[in-house]
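# Analysis of the macromolecular model
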Amino acid sequence: EAAVTQSPRNKVAVTGGKVTLSCNQTNNHNNMYWYRQDTGHGLRLIHYSYGAGSTEKGDIPDGYKASRPSQENFSLILELATPSQTSVYFCASGDGGGNTLYFGAGTRLSVL
Amino acid sequence: GQQVKQSSPSLTVQEGGILILNCDYENDMFDYFAWYKKYPDNSPTLLISVRSNVDKREDGRFTVFLNKSGKHFSLHITASQPEDTAVYLCAAGASSSFSKLVFGQGTSLSVVP
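The shown structure was predicted, so the numbers you read here are calculated from the model rather than taken from an experiment.

Conventions used here
Residues numbered from 1 in each chain as written. Chains lettered and ligands numbered in written order. Predicted model: local features only at pLDDT ≥ 70, side-chain atom pairs only at ≥ 80, totals over all residues. Heavy atoms only, no water. Helix = DSSP H or I, 4+ residues; strand = E, 2+ residues; numbered from the N terminus. Rg over C-alpha atoms; globule rule 2.2 N^0.38 Å. Buried < 20%, exposed > 50% of the residue type's maximum accessible area, 1.4 Å probe, protein only. Contact = heavy atoms within 4.5 Å. Areas by Shrake-Rupley, 256 points an atom, 1.4 Å probe, with all protein chains shown as cover. Lys, Arg positive; Asp, Glu negative; His and termini not counted. Charge placed at Lys NZ, Arg CZ, Asp CG, Glu CD. 1 Å grid on protein atoms, 1.4 Å probe; cavity = no way out; pocket = protein on both sides within 12 Å on 5 of 7 lines; lining within 4 Å. Points joined across faces, edges and corners; volume = space filled by probe spheres on them. Pairing = 2+ DSSP bridges. Axes fitted to C-alpha atoms, helices over the stretch in contact; angles between N-to-C directions. Buried area = accessible area lost by both parts, 1.4 Å probe. Salt bridge = Lys/Arg side-chain N within 4 Å of Asp/Glu carboxyl O. Polar contact = N/O pair within 3.5 Å; in protein donor to acceptor, adjacent residues only side chain to side chain. Nonpolar A, V, L, I, M, F, W, Y, C, P; charged D, E, K, R; others polar. Core = buried A, V, L, I, M, F, W, Y, C linked by side-chain atoms within 4.5 Å.

What follows concerns the overall build of chain A. Within chain A, the regular secondary structure consists of zero helices and eleven strands. Along chain A, helices (α) and strands (β) appear in the sequence β-β-β-β-β-β-β-β-β-β-β when read from the amino end. Since a compact globule built from 112 residues should have a radius of gyration of about 13 Å, the 13 Å found for chain A is in line with a globular shape. Principal-axis analysis of the C-alpha atoms places the extent of chain A at approximately 35 × 30 × 25 Å. When the 112 residues of chain A are sorted by exposure, 51% land in the buried category. Of the contacts formed within chain A by residues at least 6 apart in sequence, a portion of 54% connects residues at least 24 apart. Accessible surface, chain A as shown: approximately 5000 Å² in total, 48% of it carbon and sulfur. A gap of 9 Å separates the mean positions of the 9 positive and 8 negative side-chain charges of chain A.

This is the structure:
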C-alpha cells in the first residue's frame, strides 16, 4: 500500500494558469516535503512543512506556494504557471532527525 | 549554491565490477548522509545511510564511507548487477527533527554485461 500518494500523476497546464498538486501520507509523519527533479539538478527542495498549519521555504520557492491543512495533506500551488516549471514533482514525508524520506510516485507537469 | 555535489553525472561499469560514487558537501552542520536509488519513472528510495559518529557502514554489497574532515562521502558497490542500473542520489542533512535533506545532482549508473 502506497503510504505517500500524489495526484494527479500527469498534468498539462497552460502558461498563466493555476495548478495544484496534492499529496497525502498515511505514515503519520510530522514533516512533508515538495521536491522537483530536473536533469542535471537532482532533487531540489521547493517547500516543506513541520506539521499542520506550517509551511517553510526550501531552496527554490519562487513561483510556488504550499499549504498543509492537516497532518496527512500537503499541497503545492502554482498560481501562475510558467514553462520553466515543467518538471517532475515529488512529495515526501519523514520524521526529520535524519530519518528516511518516503516519496510518492511523482507528478509529471508540463506547462505549455 | 549547490550544497551537495556529485562529481560524475554518469558512470558505466561491467557486470561483476566494483564502482565508487562520490559526493561532496559544504555545510559543517550536516551529520546525516544517505544514498537514494531511483529507477526511471519511479520514486527515490533509501539505499543506505550513515550518521557522523561512524565513518563506515556496510549493508551487503553496499558500503558508505564518510570523511568528515574532507566533507566527502562515497558509496561503494561490489559485484555489480544489471539491476543496479539506476540513478543514485546522495543526500545530506542535519539530524534534528526540523532538518531538511539536501540532494546532489545524481549519478546515472549503467551496469553492462
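To locate leftover empty space, one rolls a probe as large as a water molecule over the atoms. What the rule picks out here adds up to one cavity of 30 Å³ or more. Within this model, the largest cavity holds a volume of roughly 70 Å³. Lining the largest cavity are Tyr33(A), Gly96(A), Gly98(A), Asn99(A), Leu101(A), Tyr32(B), Gly93(B), Ala94(B), Ser99(B), Lys100(B) and Leu101(B).

Our next topic: the sheet that holds strand E1 (residues 4-7) of chain A. All names here are of chain A. The antiparallel open sheet is built from four strands, whose spatial order is E1-E3-E8-E7. Looking at strand neighbours, the two that pair on one side only are E1 and strand E7 (65-67), the edges of this open sheet. Averaged over all pairs of adjacent strands, the angle between strand axes in this sheet comes to 20°, irrespective of strand direction. Pairing of E7 with strand E8 (residues 73-78) involves three bridges; the strand directions are antiparallel.

To continue, consider the interface of chain A and chain B. Taken together, the contact between chain A and chain B spans 24 residues of the former and 21 residues of the latter. The junction of chain A with chain B conceals about 1800 Å² of combined surface from both sides, 52% of it contributed by carbon and sulfur atoms. Across the salt bridge formed by Arg108(A) and Asp41(B), the nearest N and O atoms sit 3.2 Å from each other. Joining chain A to chain B, the criterion identifies five residue pairs in polar contact (both at pLDDT 80 or more). Of all the elements in the fold, those that place two or more residues in the side of chain A that touches chain B are strand E4 (31-38) and strand E5 (42-49) of chain A. For the side of chain A that touches chain B, the per-class residue count stands at ten nonpolar, eleven polar and three charged.

This brings us to the side chain of Lys37(B). All names here are of chain B. Here Lys 37 is to be found in strand E4 (residues 32-38). Among buried Asp, Glu, Lys and Arg side chains, Lys 37 stands out as unpaired, with Asp 84 the closest opposite charge at 4.1 Å. The residues touching Lys 37, leaving out its near neighbours within four places in the chain, are Ser 43, Pro 44, Thr 45, Glu 83, Asp 84, Ala 86, Val 87 and Tyr 88.

The next subject is the nonpolar core. A general feature of soluble globular proteins is that nonpolar side chains tend to end up buried together. In terms of nonpolar packing, the biggest core is built from 25 residues, with Val4(B), Phe33(B), Trp35(B), Phe73(B), Leu75(B) and Tyr88(B) touching the most fellow members. Setting aside residues no more than four positions away along its own chain, Val4(B) makes contact with Cys23(B), Asp24(B), Tyr25(B), Phe30(B), Cys90(B), Ala92(B), Val102(B), Phe103(B), Gly104(B) and Gln105(B). Listed in part, the 18 residues of the second largest apolar core include Val19(A), Trp34(A), Leu109(A) and Val111(A).

Moving on to the sheet that holds strand E6 (residues 56-59) of chain B. Residues and elements named next belong to chain B. One open sheet holds the five strands; their spatial order is E1-E3-E8-E7-E6, and the pairing between them is antiparallel. Each edge of the open sheet is held by one strand with a lone partner, namely strand E1 (4-6) and E6. This sheet shows a mean twist of 15° between the axes of neighbouring strands, independent of strand direction. Here E6 pairs with strand E7 (residues 62-67) via four bridges, running antiparallel. Counterpart to Asp 59 in the pairing with E7 is Phe 62.

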